[in-house]
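Coordinates in review
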Amino acid sequence: MPGPTVEMEPVEPQSLKKLSFKSLKRALDLFAPIHGHFAPPDLESKRIRLSHKIQLEYGGIKSTTNPNQVNTTQSDGNSQASTPSYALALPEADDSLKLEKRCFSLSSQNLVAFGLGNRGCWTGTENSKDPRTGGIQNALVVGSSVQPEGLNEVSFPGKSTAVVSSSRPSERALEKKRNLSTSAIMERIPSKWPRPVWHPPWKNYRVISGHLGWVRSIAFDPSNTWFCTGSADRTIKIWDVGSGRLKLTLTGHIEQIRGLAVSNKHTYMFSAGDDKQVKCWDLEQNKVIRSYHGHLSGVYCLALHPTIDILLTGGRDSVCRVWDIRSKMQIHALSGHDNTVCSVFTRPTDPQVVTGSHDTTIKFWDLRYGKTMATLTHHKKSVRAMALHPKEHAFASASADNIKKFNLPKGEFSHNMLSQQKTIINAMTVNEEGVMATAGDNGSLWFWDWKSGHNFQQAQTIVQPGSLDSEAGIYALSYDITGSRLVTCEADKTIKMWKEDENATPETHPLSFKPPKDIRRF
């Protein structure tokens, strides 16, 4: 038979603070003879501790002597010639216990030190007068009370009269490690990180509804009078920039439209979609005049060369294809990526084509031979968006891990942006004033200072009434030609227009910037 059950006494829950005080009281009961009083301080242990700290910090600095003073002491020939000629007298060890407060002051000509005794630490007295010169000399005495022979003396002209000396190999190694200086007299170097330029915050001033599906792409007309958007409802709509009114709707694709571009030399607009089709639209007739066949799967990105009549498209077949606009012929198939090519931009000079892919790499291409010039492997996630700076020879690339800046033409890594958006970044763009905007899959719209990488505004898009909160995603964005307006294409089927806040000043929206201590170089 089982024995009788014993009821356990309930344990009173006690806070950590209460338990700590109870433990302290027990320790005092055991070891302290007088309750309510702290134990007296141990002066010897305090002296040893301070002496050890000062020896570690100032162990390599010895006092300097005046050359004239050395010559006079050698000519005297008295008993002082056998002992080192210090400008300061060393106090006894008992006197050093009375010095509780220590200070260390520097000037351009001398060093004044107050400290402990001569047990391997630094000491000094203030304003010791030299009877020969009649002046006041301030020097620093470090180390033992007897100066060893064969000192390695290094002087710094114009800085200080302190002499760095060492008598053991370990001290010499320590001095080399500290670069003949200490943390106490080392000059503080200000941060070389560029301070960001103040930019006014951006605000949403217009919401355009008209599409029946996700808005996936956008392009502006070079005249800055209208812009076009492509959507998952398989239509291309053309809108007036000033009023936001719908001007035209074009149909022809049978899947969602992922890429748009407007030519600045012809009356042509180009579109690409998930239906593997790349189309050329004549905007005078508002109809398709050419189709470019060759992609084996959906086309995700599209770009026009700024100087040559060629078109570049990238898609799910892991290839960036180069097309002749007029003849509809494929010039090159830039193959080398291992996954979807989801971003591309072109330049007038080499590298003329830059592509980003889901395989986390960025490739520079030689347009003459169709070969890879360089491959950048800095990202750890898919490179879904890239933005070329309109003035500088640099570009930025966005991934879920980081936003990185690279220099052109060689592709040297510059730096990471100073914050992480921590979402999938679908699109990014930058204007001439150095304001970069990045759009996330969660509806976040972040604004950055291009030069410093400082994130000065974090906006969040608001879905239109009747939409789910999960539809707060931004798929494409673009500045207008002037760079003063920003247009975002979103998952709630709307187009939102943003502009700078005219009433904002540096006083109302101050810049809160802390320069980074260390920059990750990857």
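Everything below is about the structure shown above.
Summarised in this report is the structure supplied together with it.

Each value, and the rule that gives it
- Residues numbered from 1 in each chain as written.
- Predicted model: local features only at pLDDT ≥ 70, side-chain atom pairs only at ≥ 80, totals over all residues.
- Heavy atoms only, no water.
- Phe/Tyr/Trp six-rings, centres within 6.5 Å; stacked < 30°, edge-to-face > 60°.
- Helix = DSSP H or I, 4+ residues; strand = E, 2+ residues; numbered from the N terminus.
- Buried < 20%, exposed > 50% of the residue type's maximum accessible area, 1.4 Å probe, protein only.
- Lys NZ or Arg CZ within 6 Å of the ring centre and 35° of its normal.
- Salt bridge = Lys/Arg side-chain N within 4 Å of Asp/Glu carboxyl O.
- Pairing = 2+ DSSP bridges.
- Axes fitted to C-alpha atoms, helices over the stretch in contact; angles between N-to-C directions.

1. Looking at the packing of aromatic side chains
Under the defined criterion, the tally for this structure stands at 12 aromatic pairs. A centroid spacing of 5.8 Å and a plane angle of 55° characterise the contact between Y292 and W323, whose relative ring orientation is tilted. A residue pair is termed long-range when its members are at least 10 positions apart, and Y292 in strand β18 (residues 287-292) and W323 in strand β21 (residues 319-324) qualify at 31 residues. Take Y292: its relative accessible area is 0%, and that puts it in the buried class. On the accessibility criterion, W323 (0% relative accessible area) is buried. Note on F395 and F406: the rings are 5.4 Å apart at their centroids and 20° apart in plane angle, and the pair reads as stacked. Highlighted residues: F395 in strand β28 (residues 394-398) and F406 in strand β29 (residues 403-407), separated in sequence by 11 residues. Grouping aromatic residues by their ring pairs yields a cluster made of F345, F364, F395, F406 and F413. Sitting over the ring of Y475, R216 keeps its end group 4.2 Å from the ring centre. Above the ring of Y300, the side-chain terminus of R258 is found at 4.0 Å from the ring centroid.

2. Remarks on the pattern of salt bridges
Considering all chains together, one arrives at 12 salt bridges under this definition. For the salt bridge of D309 with K265, the shortest nitrogen-to-oxygen distance reads 3.3 Å. Of the two residues, D309 is situated in the loop between β19 (299-304) and β20 (310-315) and K265 in the loop between β15 (257-262) and β16 (268-273); the sequence distance between them amounts to 44 residues. For D309, a relative accessible area of 25% puts it in the partly exposed group. Salt bridges here are not isolated pairs; linked through shared partners, they connect K203, K499, D501 and E502.

3. Considering the sheet that holds β19
Ordered in space as β19-β20-β21-β22, the four strands form an open sheet in which the pairing is antiparallel. With partners counted over all chains shown, the strands left at the sheet margins are β19 and β22 (330-335), one partner each. The mean inter-strand angle of the sheet, taken between neighbouring strand axes irrespective of direction, is 20°. Note that β21 and β22 share five bridges and pair antiparallel. Of the residues in β22, the one forming a bridge with W323 is Q330.

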